[in-house]
Amino acid sequence: MSTQKTLVVLAPQPDPRHLSDIARLAEAPQLDHPHIDVVRMRGANPDQSPSVLERCRAHGYDAAYIDNGQAFADFRLLVSDMDSTLINIECIDEIADIKGIKPQVAEITERAMRGELDFSAALRERVALLEGLPEAALRQVYEERLRLNPGAEQLLAACRRLGIKTLLVSGGFTYFTDRLKADYGLDHAYANQLEIVDGKLTGRVQGDIVDAEAKKRLLIATRDALGLRPEQVIAVGDGANDLPMLREAGTGVAYHAKPRVSAEADIAIEHGGLDAILRLFH
């Protein structure tokens, strides 16, 4: 027997007419308002999911079908991408900006995130353009440009409070993941290592590239080391290189993601912050 679902709609400025329209389309007989900006439509028909979620998007609401009774505390591992997911920037684009070549690098980044380019080759191409930059440029990006995305601190605080382990996996660079891990108490962090000689970037990456398959493998390895079941893992990302890990997780969340990623993920957050994840569950 399939698990019963509840349609959860996040409506920061709810319009009763919109909610009635969504409930009618979702064939939901019961509406609960546990918070002013959260509406739970119990008994919603999952067969109507595509048209219902499209209607929610049209009204500017994030929404998802959640297993009845599922709580955020049921997860025991949160896996997150870094650039444009946990944080507000693509670090490599901002490093390139200091060298005056951001448009050239950002165009490659955008195509790679849409899945139009081989990720590893695109990363090596972009890193090569950074040759000669002083290591101080990395510190400048971290201190002056990098910020957590809205809701990230609340999400991480909930993980700490509930004993949910955190894994940061990035196709970016260890310079940033290591500092985020230390500054925000993350349990694990993996990324690519920039080669630095005599205080300058050489334009090369050391070791194997953390690409889409590597992210998936790191999720599996961490999950297995913790003795968890797939349904106890939630993963969040925004780019095409996050799709394998989102599929591997029990729940995959697309956060302000590329269209392909939003279409394939279990949950797509397109309007709210990362704390929207907390409000979707009990």
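Notes on the structure follow. Keep in mind the model is a prediction, meaning the values are calculated, not measured.

We now examine the nonpolar core. Core analysis: the largest hydrophobic core is formed by 61 residues, its most contacted members being F72, I87, F176, L180, I277 and F281. With 5 residues, the top contributor of residues to this core is helix 8 (residues 152-162). Residues in contact with L180, not counting those within four places in the same chain, are M82, I87, Y142, L146, L148, L168, G185 and L186. By size, the runner-up hydrophobic cluster in this structure holds 20 residues, among which are V233, M245, A254 and A265.

This part takes up empty space enclosed by the protein. Regions of empty space are outlined by a rolling probe, equal in size to a water molecule, passed over the atoms. Across all of its chains, the model carries 2 cavities of 30 Å³ or more by this definition. Empty space within the largest cavity amounts to approximately 150 Å³. In this structure, the largest cavity is lined by 18 residues; those nearest its centre are D83, E90, M113, G171 and G172. Mapped by element, the contributors of at least two residues to the lining of the largest cavity are helix 4 (91-99), helix 5 (102-113), helix 6 (119-128) and strand 6 (165-173). Per-element accounting of the lining of the largest cavity gives the leading share, 4 residues, to strand 6. When the residues that make up the lining of the largest cavity are grouped by side-chain class, the tally is 6 nonpolar, 5 polar and 7 charged. In this structure, the second largest cavity encloses a volume near 50 Å³. Lining of the second largest cavity is provided by L78, S80, L86, L156, T166, L167, L168, L186 and H188.

With that settled, the discussion passes to the environment of A225. Looking at where A225 falls in the secondary structure, it is placed in helix 10 (residues 212-225). By relative accessible area, A225 is classed as exposed at 70%. Taking the C-alpha atoms as reference points, A225 and D178, separated by 47 residues in sequence, lie 21 Å from one another.

Where helix 1 (residues 16-26) meets helix 2 (residues 49-58), the closest approach of the two axes is 9 Å, and the angle between their N-to-C directions is 170°. In terms of axis orientation, helix 1 runs roughly antiparallel to helix 2. Judged by residue contacts, D21, I22, L25 and A26 of helix 1 engage S51, V52, R55 and C56 from helix 2. Residues belonging to the contact of helix 1 with helix 2 are distributed by class as follows: 5 nonpolar, 1 polar and 2 charged.

What counts and how
Residues numbered from 1 in each chain as written. Predicted model: local features only at pLDDT ≥ 70, side-chain atom pairs only at ≥ 80, totals over all residues. Heavy atoms only, no water. Core = buried A, V, L, I, M, F, W, Y, C linked by side-chain atoms within 4.5 Å. Buried < 20%, exposed > 50% of the residue type's maximum accessible area, 1.4 Å probe, protein only. Helix = DSSP H or I, 4+ residues; strand = E, 2+ residues; numbered from the N terminus. Contact = heavy atoms within 4.5 Å. 1 Å grid on protein atoms, 1.4 Å probe; cavity = no way out; pocket = protein on both sides within 12 Å on 5 of 7 lines; lining within 4 Å. Points joined across faces, edges and corners; volume = space filled by probe spheres on them. Nonpolar A, V, L, I, M, F, W, Y, C, P; charged D, E, K, R; others polar. Axes fitted to C-alpha atoms, helices over the stretch in contact; angles between N-to-C directions. Parallel < 35°, antiparallel > 145°, perpendicular 65-115°, else oblique.

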